[in-house]
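# Observations on chain architecture
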Amino acid sequence: MEIPKTYDPKLTEDKWYAHWMKHKFFKSTPDEREPYTIVIPPPNVTGVLHMGHMLNNTIQDVLIRRARMLGKNACWVPGTDHASIATEAKVVALLKEKGINKTDLSREDFLKHAWEWKNKYGGIILKQLEKLGASCDWDRTRFTMEDDLSDAVIDVFIDLYNKGQIYRGVRMVNWDPQGLTAVSDEEVIHKEVNSKLYYVKYKIEGHTPNPSQEGNVEDEWITIATTRPETILGDTAVCVHPDDERYKHLKGKRVIIPMVNRSVPVIFDTYIDLTFGTGALKVTPAHDINDYNLGVKHNLEVIDTIAANGKMSEAAGFYIGEDRFAVRKKIAKDLEEMGQLVKVEDIKNKVGYSERTDAVIEPKLSMQWFLKMDNISKPALENVLNGEIKLIPEKFVNTYKHWMENVHDWCISRQLWWGQQIPAWYDDKGNTVVAKTHSEALEKYKIKYPTSNVQQLKQDEDVLDTWFSSWLWPISVFDGFKNPDGADINYYYPTNDLVTAPEILFFWVARMIISGYEYRGKKPFSNVYLTGIVRDKQGRKMSKSLGNSPDPIELIEKYGADGVRVGMLLCSPAGNDLPFDESLCEQGRNFSNKIWNAFRLINGWEVDNNAKQGDANKIAIEWFDAKFNEQLEIINDLYSKYRMSEVLMTTYKLVWDDFCAWYLEMIKPEFVDGKSLPIDKETYDATINFFEKLLKVLHPWMPFITEEIWHLIGKRNEKECIIVEEWPKTRNVNTEIVKHFETVMEVITNIRNSRKQKNISPKEKLQLFEKVNQGEIIKTYDAIISKLCNLSSFEYVNQKVEGAFSFVLKHAEYFIPLSQNIDKDAEKERLTKDLDYNKGFLNSVQIKLSNEKFMANAKPEMIANEKKKQADAEAKIKAIEEQLTSLN
RNA sequence: GGGAGCUUAGCUCAGCUGGUUCAGAGCAUCUGCCUUACAAGCAGAGGGUCACUGGUUCGAACCCAGUAGCUCCCA
């Protein structure tokens, strides 16, 4: 069979994925093994796979595949999130294209459209994950709005309401005038923008001469600074700092709001920043959270001048029905005409935008449902601080702590239809009961309001925040609410690792921890691995709107899933951003090819059952065995610390450098008369064994190519797949040999370097002489040096070899006689450079050793080591000096 | 305004308890090779004042203080 020179992922990926599915290798059911569980961060059901998902899910797949190989019962639960705002926005837009307005539809009809849309497009992202190789247990696929999960959400709402944790009230919320819904604090993105700061003067009621304002007898004014003059119409006070000398005389005074001519009090509060603007603040309790708080404190009137759609309301009195931003310009002009606009400055300030619609958030008072966070969040804080739940990297603990200590009540209602409708029922007077169904509600109502004869209650129109369902995810996917003592929940919960983006640490992770302790009394997971954000080369976050995100599926087609997986993970330390560049995938693809060709080489060998194993092969095997074990220990350790990209890099070097570049070159049969000599069976078997172990270590990262080669390299039946093979075990090996080999490699590199410098073809055989100056002569590795350097002879001498090219190592000098003449000046220059370096080095060591304080304070092994360094350097200097004299 | 973090080679990053020839890796670059597994490759080489200033120490990329720049989170 002809094996192609390059690895073609297209021929293997779909084949093996189907094969794994057919044999249910991803499937998990509780058994006696130790479980290893990951629940997927459910992507938005509307979403398509982007680079962030790729990174995330590759890491999860690596962890799952390794756990499976470690003999654990690996269970990766997939699913999607109904994403109320995002999905509803998409459906609304789609309907609009068809000429249908959401407002013209009944709730039922709208939801019908939405479900239709979900059923048609909702599965795309999961299909895409298959392309990546994700080994999820697809039989467990869940959706946050499916019946069981919705039931759990409603039950939890009712339970928390009954516990007094949920309340309804008028609060200042972040209002999205485009999405026409409240959004949570976490869904507001603050961006710095260029704004204008308007200085507007308000007339002070009555006539009060002010000594500091000469000539202003008739009227007195106070100037305030604001970036939002359109809210002036809703002002109900002006606030200054009690210590501000400029305004002390205004105690008890009132000012007149321009345009509306409303008389409002001047209030005093230490909240005011004396240095900002004029030190006087207009107070609009309806449209600013801080003003709202001042309003509560000082008992101010609240005038809501901006309607839900961002246009001025009746209450504004002016500009009714006009957009808030248009009014901002208009009112500035009108104030100027009235002579009350003092000046306008350009400033930079932060403005909140809706994460989902990118509309400028309008702080707005509205009736919403809230979850009290102060008590319920306590175990979640505690158990992260005490390490019961680990955040990786650890630096996020600080951020987490800060957030959890300043947590606000969670606004859980959303003015949408797509989602779980709030199970609260009202009569026409606003009396409320909370119950799952109308009949249950009615029963409760009758008990609560026995005198009323109302027969029909109206359910709350709003739905719950999406996170109010996804915070139950690790419990609900195992039916922990429906069946709290079920086999699944008892076996899989708490899960092991959660892999997600730091952006949703509070949105999601913290809340899952909260619900985990509230409903299971246990953490939902032990480790949270926080990935970075995938950015483009210019450091911009990859996003659809910027169009700077490559299509992952196209990347997979171009470089293979394995190549893309490797590319993404090569440089993505936990918690650090990943500056993505397609060339990384190229590196991944090249690595696939390297592995493929190692396979081709080994596969092409003819095995001679009778041939005797040579010494070189024997020692090479011994070395690689030791090297592999050493590196596997490092890899296992790095895994335990979740240093994923370091695991990958270590594996990469082990395969490419140690196995391909060194080991295979050492044992590769010679080529004679246009034919490769056969290889002895012992070496062949050992090599296959090594290669298989390497494939196993590679498998979590590169599942497809490893499975393909696994089946090509040995006779295996359908079920004997690498995906379910056992992770290689480490054992005690000869570590001495690894150290010896470092010297061997140094010798080889030096000889190759000499060839290069002297322009000698690798085909030309060389003689090598070694003069050992220190320690015993070890001839064990000579055969390997001879082979890799193409030597004709390798002899030991006691004397220098005249007229030969030479180099000096710690323990010995090496001579390569050359047919051509030695360039003495060049040699001298090279040796002098080397000599200077070693003398400098010796000097620094000697300074240390002659330092009394060092000798008194340093650890004994440190001193011994310095002494050894001194002896080595002295020996080397001596050898170099002798060579220099012999050149003269 | 409050908080957290970062600054090491052209790029992306390691560097653990201060001490091994500790200044590293991968990529990129340069040079020579189409050497019968792989040019998506092989061999070799050159790149750094560890942001800056001071301090602690026998010894600092590492600890401390200050300065500058950058990033993120919260208000």
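Just above sits the structure.
Only a predicted model underlies this, so the values are computations on that prediction, with no experimental measurement involved. The numbering scheme is per chain: residues are counted from 1 as the chain's sequence reads. By the order in which they are written, chains take letters starting at A while ligands take numbers starting at 1. Since the coordinates come from a predicted model, pLDDT governs what is reported: local features require at least 70, and pairs of side-chain atoms require 80 or more to be given and counted, while whole-chain, interface and lining totals use all residues. Only hydrogens and water are set aside; all other atoms, that is, all heavy atoms of the structure, feed into the side-chain values.

Only strands joined by at least two bridges in the DSSP assignment are considered to pair. For the purposes of this entry, the term helix denotes a DSSP run of H or I that reaches at least four residues, the term strand denotes a run of E that reaches at least two, and both are numbered from the N terminus. With antiparallel pairing, the 3 strands of this open sheet are ordered in space as 19-18-20. Only two strands of the sheet have a single partner each, and these edge strands are strand 19 (432-434) and strand 20 (458-459). Across 2 bridges, the pairing between strand 18 (residues 424-426) and strand 20 is antiparallel. Considered in strand 20, the bridge of Y426 is made with K458.

Turning next to helix 2 (residues 51-69). Take the residue count of a helix, subtract one, and multiply by 1.5 Å to get its expected span. With 19 residues, helix 2 ought to run about 27 Å at 1.5 Å a step, and its terminal C-alpha atoms sit 27 Å apart, in line with that. In terms of burial, helix 2 is a largely internal element, 18 of the 19 residues being buried. A positive backbone phi angle near 90° is found at G71, which sits one or two residues after helix 2. Burial classes: relative accessible area under 20% of the type maximum marks a residue as buried, over 50% as exposed, and values in between as partly exposed (1.4 Å probe, protein chains only).

Before going further, it helps to examine the packing of aromatic side chains. Pairing of aromatic rings covers Phe, Tyr and the six-membered ring of Trp, with a centre-to-centre limit of 6.5 Å; geometry is then stacked below 30 degrees between planes, edge-to-face above 60, and tilted otherwise. All chains considered together, the criterion is met by 42 aromatic pairs. Between F624 and F690, the ring centres sit 4.8 Å apart and the planes meet at 65°, which makes this aromatic pair edge-to-face. Taken together, the positions of F624 in helix 18 (residues 615-640) and F690 in helix 20 (residues 681-698) put the pair 66 residues apart, joining distant regions of the chain. Since its relative accessible area comes to 0%, F624 is described here as buried. Summarising the aromatic geometry, the rings of Y663 and F690 are spaced 5.3 Å apart at their centres and angled 85° between planes, so their arrangement reads as edge-to-face. Highlighted residues: Y663 in helix 19 (residues 644-667) and F690 in helix 20, separated in sequence by 27 residues. Taken together, W623, F624, F628, F659, Y663, F690, F691, F741 and Y781 form an aromatic cluster joined through their ring pairs. Whether a charge sits over a ring depends on NZ of Lys or CZ of Arg being within 6 Å of the ring centre and within 35 degrees of the ring normal. In this arrangement the basic side chain of K201 is found over the ring face of W221, its NZ or CZ atom lying 4.6 Å from the centre.

Read from one edge to the other, the open sheet built from 4 strands follows the order 31-30-33-32, with strand pairing classed as mixed. Of all strands in the sheet, those with a lone pairing partner are strand 31 (791-796) and strand 32 (804-808), marking the two edges. Within this sheet the neighbouring strands show an average axis-to-axis angle of 20°, counted without direction. In this fold helix 22 (residues 736-758) packs onto strand 30 (766-772), strand 32 and strand 33 (812-817), with an angle of close to 140° to the strand it touches most, strand 32. In this analysis an axis means a line fitted to C-alpha atoms, helices contributing only their contacting stretch, and an angle means the value between N-to-C directions, from 0 to 180 degrees. Whether two residues are in contact is decided by their heavy atoms, any of which lying within 4.5 Å being enough.

Salt bridges are identified by distance alone: a Lys or Arg side-chain nitrogen within 4 Å of an Asp or Glu carboxyl oxygen. Here the structure, examined in full by the defined rule, presents 52 salt bridges. The partner of E692 in a salt bridge is R716, with the nearest N and O atoms 2.4 Å apart. Residue E692 is found in helix 20, and its partner R716 is found in the loop between helix 21 (703-713) and helix 22; the two are separated by 24 residues along the sequence. Judged by its relative accessible area of 17%, E692 falls in the buried class. A salt bridge links E726 to K729; the nearest nitrogen and oxygen atoms lie 2.2 Å apart. Here K729 falls in the exposed class, since its relative accessible area comes to 59%.

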